Amino acid sequence: MAIFPSKRVKVTEGLYIRRSNHFYYTDFGVRDGAERHYSGRRYINTGVPGTGFMERESESHSYHKFVREIVARQKPRYWRLLLGKEPSYEKELKRAKAALAAADDPLKRQILDSYVNALSVGAAEERLERTVRGIKDKIGHKSNKFLVSVMSHYKNKISQLGHDMRSVELHVEDTCTEEQYEAYKQMVEAFSKVADCRRVWHANENTREVYQQVFFDLGIFDFIRSDNYLPMLRDSNGVNYYLLPTAMIVARDTVDFDIVPLKRLTIVCQELAIQETVEVISSRLGDAASMVRIPEMNQTWYFNHVRPIMHFVGAYEALQATL
């Protein structure tokens with residue numbers, strides 16, 4: 001447990017800096033620099049290394065509020081540091097190793113095994129990032145070639161770790177056949193249009209407000225590498241559902257999750273006719289136009305669009321046909 005917000009460390013002969021003890025949020029292991037500059041989309045870490053989502057363009061004020069609240073929680077606060085509530089590679093690594101030892105599903109073991117290795121690489125990179133930040137602070141607004149050369153040395157180390165990270169991460173295309181991967185990419189593209197829907201509601205019979213607004217995104221789970229990112233569904237109970245080419249991850253957190261084969265999951269879509277929209281639904285959901293249900297999980301979502309939902313379900317069924 002850190003008591004002070006920073007620590008004096010030696011970075012090279014005759015040079016000491018103040019290195020922050022706060023966790024340093026980055027998109028290391030999530031995407032490469034070239035892809036970052038190309039897409040421009042911001043990676044939103046959801047509080048644990050290697051798990052988060054890509055912020056998408058949206059006209060929804062609720063979505064922007066949702067993102068702002070997550071980002072606000074990432075700001076360094078001394079009391080969170082003191083109480084050990086900031087993200088920690090060390091703590092997560094212990095949890096991941098324990099979960100790996102208890103896992104019996106082959107794909108779950110594969111995910112956790114790569115996650116453990118990725119956390120080890122990520123821990124080294126995060127420390128280097130804090131070192132680079134300390135050197136930048138020491139440089140300030142002055143020109144100092146020596147400090148710049150030292151900083152470049154540490155940045156090169158980070159770049160080398162980037163190659164190491166790619167080699168230990170689980171790559172989505174390695175979990176399926178080529179035919180399945182092609183169908184999966186089509187499904188991800190269709191899902192992205194679903195995520196763009198302005199309003200998504202989750203039906204939750206256990207809450208006072210039965211129909212609660214949630215958001216779908218393209219994200220990453222436990223450093224799983226995917227060029228297109230993973231379709232990410234949320235429910236109002238805090239559970240996230242990630243779609244892989246052959247299975248769905250039902251994640252309560254980064255190490256507490258289930259693996260459900262897609263061939264056992266049915267996704268049903270239904271358009272809501274005006275006469276079928278009963279008063280209680282219309283009063284809560286307003287412009288709900290379609291519904292998606294996963295019967296095996298007793299989960300239902302409502303949407304304010306129809307066409308992208310139908311297209312996604314069709315793409316999902318095409319993927320399912322390859323299994």
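Data block above holds the structure.
Residues numbered from 1 in each chain as written. Predicted model: local features only at pLDDT ≥ 70, side-chain atom pairs only at ≥ 80, totals over all residues. Heavy atoms only, no water.

## A look at the pattern of salt bridges
The full count for this structure, using the stated rule, is 16 salt bridges. Measuring nitrogen to oxygen at the nearest pair gives 3.1 Å for the salt bridge that ties Asp-253 to Arg-95. Here Asp-253 is found in the loop between strand 10 (247-251) and strand 11 (257-261), whereas its partner Arg-95 is found in helix 4 (residues 89-102), with 158 residues between them in sequence. For Asp-253, a relative accessible area of 30% gives the class partly exposed. On the accessibility criterion, Arg-95 (35% relative accessible area) is partly exposed. With its nearest N and O atoms 3.0 Å apart, the salt bridge here joins Asp-258 to Arg-252. Linked through salt bridges whose partners overlap, the residues forming this network are Arg-56, Asp-217 and Arg-234. (Salt bridge = Lys/Arg side-chain N within 4 Å of Asp/Glu carboxyl O. Helix = DSSP H or I, 4+ residues; strand = E, 2+ residues; numbered from the N terminus. Buried < 20%, exposed > 50% of the residue type's maximum accessible area, 1.4 Å probe, protein only.)

## Some remarks on the packing of aromatic side chains
Here the structure, examined in full by the defined rule, presents 15 aromatic pairs. Between Phe-216 and Trp-301, the aromatic rings sit 5.8 Å apart at their centres with planes inclined by 75°, giving edge-to-face as the arrangement. In this pair, Phe-216 is assigned in the loop between strand 6 (211-213) and strand 7 (217-220) and Trp-301 in strand 14 (residues 299-303), connecting sequence segments 85 residues apart. Trp-301 matches Phe-216 in its accessibility class, with the two residues each being buried. Each ring, one from Phe-221 and one from Phe-257, has its centre 5.2 Å from the other, and the planes form 85°; the classification is edge-to-face. Here the residue Phe-221 occupies a position in the loop between strand 7 and strand 8 (230-234), and Phe-257 occupies one in strand 11, the gap between them amounting to 36 residues. The cationic tip of Arg-56 hangs over the ring face of Tyr-63; the distance from NZ or CZ to the ring centre is 4.0 Å. (Phe/Tyr/Trp six-rings, centres within 6.5 Å; stacked < 30°, edge-to-face > 60°. Lys NZ or Arg CZ within 6 Å of the ring centre and 35° of its normal.)

## Some thoughts on helix 6 (residues 145-168)
Between its first and last C-alpha atoms helix 6 spans 35 Å; for 24 residues at 1.5 Å apiece the expected length is 34 Å, and the two agree. Of all the positions in helix 6, only Leu-147, Val-150, Met-151, Tyr-154, Ile-158, Leu-161 and Met-165 are classed as buried. Capping the start of helix 6 is the job of one residue whose side-chain oxygen sits 3.1 Å from the backbone nitrogen of Phe-146: Asn-144. (Expected span 1.5 Å × (residues − 1). Polar contact = N/O pair within 3.5 Å; in protein donor to acceptor, adjacent residues only side chain to side chain.)

## A look at the state of the cysteines
Each disulfide consists of a covalent bond between the sulfur atoms of two cysteine residues. Using the criterion set out here, one finds zero disulfides in the structure. Unpaired in this structure, Cys-197 has its nearest cysteine sulfur neighbour in Cys-269, at a distance of 10 Å. (Disulfide = S-S within 2.5 Å.)

## What to know about the sheet that holds strand 6
Read from one edge to the other, the open sheet built from five strands follows the order 6-5-14-13-12, with strand pairing classed as antiparallel. Edge positions in the sheet fall to strand 6 and strand 12 (268-271), since each of these pairs with one other strand and no more. Neighbour-to-neighbour, the strand axes of the sheet open up by a mean angle of 25°, direction not taken into account. When strand 5 (residues 200-203) meets strand 14, the two strands line up antiparallel, connected through three bridges. Pairing of Trp-201 across the sheet is with Tyr-302, part of strand 14. (Pairing = 2+ DSSP bridges. Axes fitted to C-alpha atoms, helices over the stretch in contact; angles between N-to-C directions.)

## Re the layout of surface pockets
Empty space within the largest pocket amounts to approximately 640 Å³. Lining of the largest pocket is provided by 21 residues; of these, Asn-21, Pro-87, Ser-88, Glu-90 and Arg-130 occupy positions nearest its centre. Where the lining of the largest pocket is concerned, the elements lending two or more residues are helix 3 (78-82), helix 4 and helix 5 (106-139). Along the lines of polarity and charge, the residues of the lining of the largest pocket split into seven nonpolar, four polar and 10 charged. (1 Å grid on protein atoms, 1.4 Å probe; cavity = no way out; pocket = protein on both sides within 12 Å on 5 of 7 lines; lining within 4 Å. Points joined across faces, edges and corners; volume = space filled by probe spheres on them. Nonpolar A, V, L, I, M, F, W, Y, C, P; charged D, E, K, R; others polar.)

## A few points about the pairing of strand 3 (residues 43-48)
As paired elements, strand 3 and strand 4 (residues 51-54) share four bridges and run antiparallel to each other. Along strand 4, the bridge assignment pairs Asn-45 with Gly-52. Counting the residues that bridge the hairpin from strand 3 to strand 4 gives two residues, and of these Gly-50 lies at a positive phi of roughly 85°.

## Things to note about the pairing of strand 2 (residues 15-20)
In strand 2, alternate side chains face the same way, and those of Leu-15, Ile-17 and Arg-19 are buried while those of Tyr-16, Arg-18 and Ser-20 on the opposite face are not. Judged from the six bridges that link them, strand 1 (residues 6-12) and strand 2 form a sheet pairing that is antiparallel. Bridged to Val-9 within strand 2 is Ile-17. Connecting strand 1 to the antiparallel partner strand 2 that follows it, the hairpin turn spans two residues, and Gly-14 within it adopts a positive phi of roughly 80°.

## Describing empty space enclosed by the protein
Counted according to the given criterion, the structure contains one cavity of 30 Å³ or more. The computed volume of the largest cavity comes to approximately 80 Å³. Lining the largest cavity, in full, are Phe-23, Tyr-24, Tyr-25, Thr-26, Phe-28, Val-30, Tyr-43, Asn-45, Pro-49, Gly-50, Tyr-89 and Phe-223.

## Quick notes on the nonpolar core
Within the largest apolar cluster, 94 residues are counted, with the highest numbers of intra-cluster contacts made by Ile-111, Phe-216, Phe-221, Met-248, Ile-249, Trp-301 and Phe-312. For this core, the leading source of residues is helix 5, giving 12 residues. Core analysis: the second largest hydrophobic core is formed by eight residues, Trp-201, Tyr-211, Leu-272 and Tyr-302 among them. (Core = buried A, V, L, I, M, F, W, Y, C linked by side-chain atoms within 4.5 Å.)

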